[in-house]
Each structure stands twice: as structure tokens, then as C-alpha cells.
Amino acid sequence: MPRHLGNVDAEPSRRLSGTSVEADARRGRGATANPEGRFERSRRESFDDGWGPGETPRLRTHVLPERACHIITRNASPDIPFDRSINPYRGCEHGCIYCFARPNHAYAGLSPGLDFETRLFAKPDAAHLLERELSAPGYRPRTIALGTATDPYQPIERTHRITRSVLEVLARFRHPVGIVTKSNLVIRDIDILAAMAAERLVKVAVSVTTLDPVLARRMEPRAPHPRKRLEAIERLSAAGIPVMVIVAPIIPSLNDHEIEAILAEARARGAGEANHVLLRLPHELDALVSDWFAEHYPDRARHVFSLIGQARGGRVYDAAFGRRMVGEGAYAELIVERMRLAKARLGYAGERITLNADAFAPPGAQLSLF
């Protein structure tokens, strides 16, 4: 259940106990701890046995194959513009402390903390599964969202290339796709994306959380520099690929003052659409973000959680459709209005681009007529 903050002066969650990891070991990672997931029946707690910590090895990234039965995930959520998605990877090496997908790692018996960014799963059969599912009798095409939970262009994509293999299938089937990423690695696939864009089959949403490289390194330690994301917007746009900038998440009293600057920089580089998401703290993410603030910005924690409470009906999180993305109340309404005014002033499109589902053509489909 969401934690009630009670009043605007309420303290954020206490620091996680018994699950902290030494700073040297987690250097370059986002989470400050590795708490058990909410489904675990046991709890671990570290203690000092008098021998001292000794030399602590750095946490390394481990990738395991995940053999899925299906690759397209369906949803019926009324507040998102797609009903199907693909996530080539589970877990994300970018290590963004605020990632709302962190709690999903608990379903694998792993921690939403450091496990989420160091113990990853790749789906090597994704392209094969996708081809089979798109070829199924009666399949009806609608835009597939690629990377709705974890980033399809996170660092391990450089070697695994699963996202590219998925795009190759979608291109052959002339199937529409929307991509969400915060990585400039997306420009590697401009050859595929530009050809698809010519038929209105693709658009790319690039997340720009902050223009401050120091804050970015603390919040999202292995994601590309903000400058690289803006360059990716420019390269994609120049290639004729529609680009949306997502200011997400907006974190009260941390990056909310940057909204107009981010929109202006992205628009100058060719972004045609813009959107935002207010910080979401489901399940274990509440304590993980509280712990992160206690380490990096202890003087701001009280005010940040006060504003979150104002936008979430007095709770740390509200999962209700229609409110979970943008919140409610005076603070949330102010953010919406600032976005609206800045988008109008900068010339962003008022409506989202609709992709073309009519071009869908499974390879070999015409042969079945004879």
C-alpha cells in the first residue's frame, strides 16, 4: 500500500537498514542499497564482526538469458497510448535511481536496488518470437512500444543487439513502432529507422531528465551525458525521424526548474513533440529514493517529499489511472501549465503523430493467395 505522508512536513522514509553497500563497491551505480524484494520471506542484515571490511570488490554486471514464451506484452491501461509493448531486456544497467521498473525485479526473486542494475536478463529469442507472433493468423497491427519498462538501448545492447534484431523484423513486416530511450546508441540504427520513418512507421521518444551533468551522473550514472541525448535528437530529426522529448521524471525541488530549458534545447535540435511524467514511487522505490536523497541531498529530502505528497493526495504514490503519470493538486497543475505554455511558445505540436498501421504486410503473405 502507498505510504501516507500525513502532512506536508512529514519525513521521508528512514534509511534502509541492513542492506547498504559500501560506496567503493557501488561506484558508478545508482542505488545506495540492495534490499530484498517485497515477496521474499527472509531478510538479510549486515553487521560488524570486528574484522573490518577489508577490500571490497566492485559490483559487476551479469547478464543471463531469459527464454520467453511470448515477446509482445499486452495491456489495457486507459492512460497510455499503446496496448502492446516489447522489452528486450529485464533490469537496466543505466542505474537510474527513480526508475519505476525497479520493483519488477522482485518477481525474479531479486532486489529492486543494486540487483536491478547489475543482474540483468536478455531475451535472445526476441526477434524469432516476434516474427512468429506477427505471422499468427488474425494478428491485427497497432503501434508496438519498444522499451516501456527498461531501456532497449542500455549499454548491453552494444554487444547483444537484440533491439536491432527486433527492429529488423518490424521493418520487414512494415509494422509501426514507438521507441523510448535515454541513450544516444539509438542513432546506430538510423539506417533502419529512417527507412521506416519514410512510411510513417516509427517515432522515437528521448528522455532528458536534466541538463546538469553532475545531477545526471548521480541520478542515472550509466546513462549517456545529457549533451549526447540532445545530439541524438538532432541526428534523428535530421534523418527525417519524428522525435519526442520526454521531461521525465520531474522531481520536485531537484530538476523541476529545468523544464523550460530542456524543452528549448530539444526543440532547437528538432524535437517536434514533448511530454512529461511526474516522479512515481511504487512499492520498494519509495525507500530506495529516500535512501538516495539521504546520501546525496539530505537537506532537500523533507521538501521534496512534501511536494510529492501534495501531488499524490497525501501519499507517496497514487496508482490511479489518469493521475499516476502527472499527479493532481496545485503543484501538479503548475507543472502541466508550465509544460503547456512552453510547448506553445516553442512551437511544439499540439497533437501526437499517428503512425501508419495500414502498411502492415507479413513477408510472403501474397503467396498464400495462390
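Above this text is the structure in question.
Note that this is a predicted model, so its numbers are computed, not measured. (Residues numbered from 1 in each chain as written. Predicted model: local features only at pLDDT ≥ 70, side-chain atom pairs only at ≥ 80, totals over all residues. Heavy atoms only, no water.)

### Thoughts on the pairing of strand β5 (residues 119-122)
Okay, step 1: Where strand β1 (residues 62-65) and β5 come together, four bridges link them in parallel fashion. Bridge pairing in β5 places His62 opposite Arg119.
Okay, step 2: In terms of strand pairing, strand β4 (residues 89-90) meets β5 through two bridges, oriented antiparallel. Bridge pairing links Tyr89 to Ala122 in β5. (Pairing = 2+ DSSP bridges. Helix = DSSP H or I, 4+ residues; strand = E, 2+ residues; numbered from the N terminus.)

### Structural notes on the sheet that holds β4
Strand pairing in a sheet is mediated by backbone hydrogen bonds. Such pairs are either parallel or antiparallel.
Okay, step 1: If you walk across this open sheet you meet the three strands as β1-β5-β4, and the pairing is mixed. What marks the edges here is a single partner per strand, and that holds for β1 and β4.

### Looking at the sheet that holds strand β2 (residues 73-74)
Okay, step 1: Spatially, the seven strands line up as an open sheet ordered β2-β3-β6-β7-β8-β9-β10, and their pairing is mixed. For this open sheet the edge positions go to β2 and β10 (273-278), each flanked by a neighbour on one side alone.
Okay, step 2: Relative to strand β6 (residues 144-146), strand β3 (residues 84-86) is paired through two bridges, and the arrangement is parallel. Looking at the pairing, Ile86 lines up with Leu146 of β6.

### Things to note about the packing of aromatic side chains
Okay, step 1: Evaluated as defined, the whole model comprises seven aromatic pairs.
Okay, step 2: Judged by centre distance (5.6 Å) and plane angle (50 degrees), the ring pair of Trp292 and Tyr297 falls under tilted. Neither Trp292 nor Tyr297 differs from the other in exposure class; each is buried.
Okay, step 3: An aromatic cluster is built from Trp292, Phe293, Tyr297 and Phe305, whose rings are joined through pairwise contacts.
Okay, step 4: Over the ring of Phe121 we find Arg90, and its NZ or CZ is 4.9 Å from the ring centre. (Phe/Tyr/Trp six-rings, centres within 6.5 Å; stacked < 30°, edge-to-face > 60°. Buried < 20%, exposed > 50% of the residue type's maximum accessible area, 1.4 Å probe, protein only. Lys NZ or Arg CZ within 6 Å of the ring centre and 35° of its normal.)

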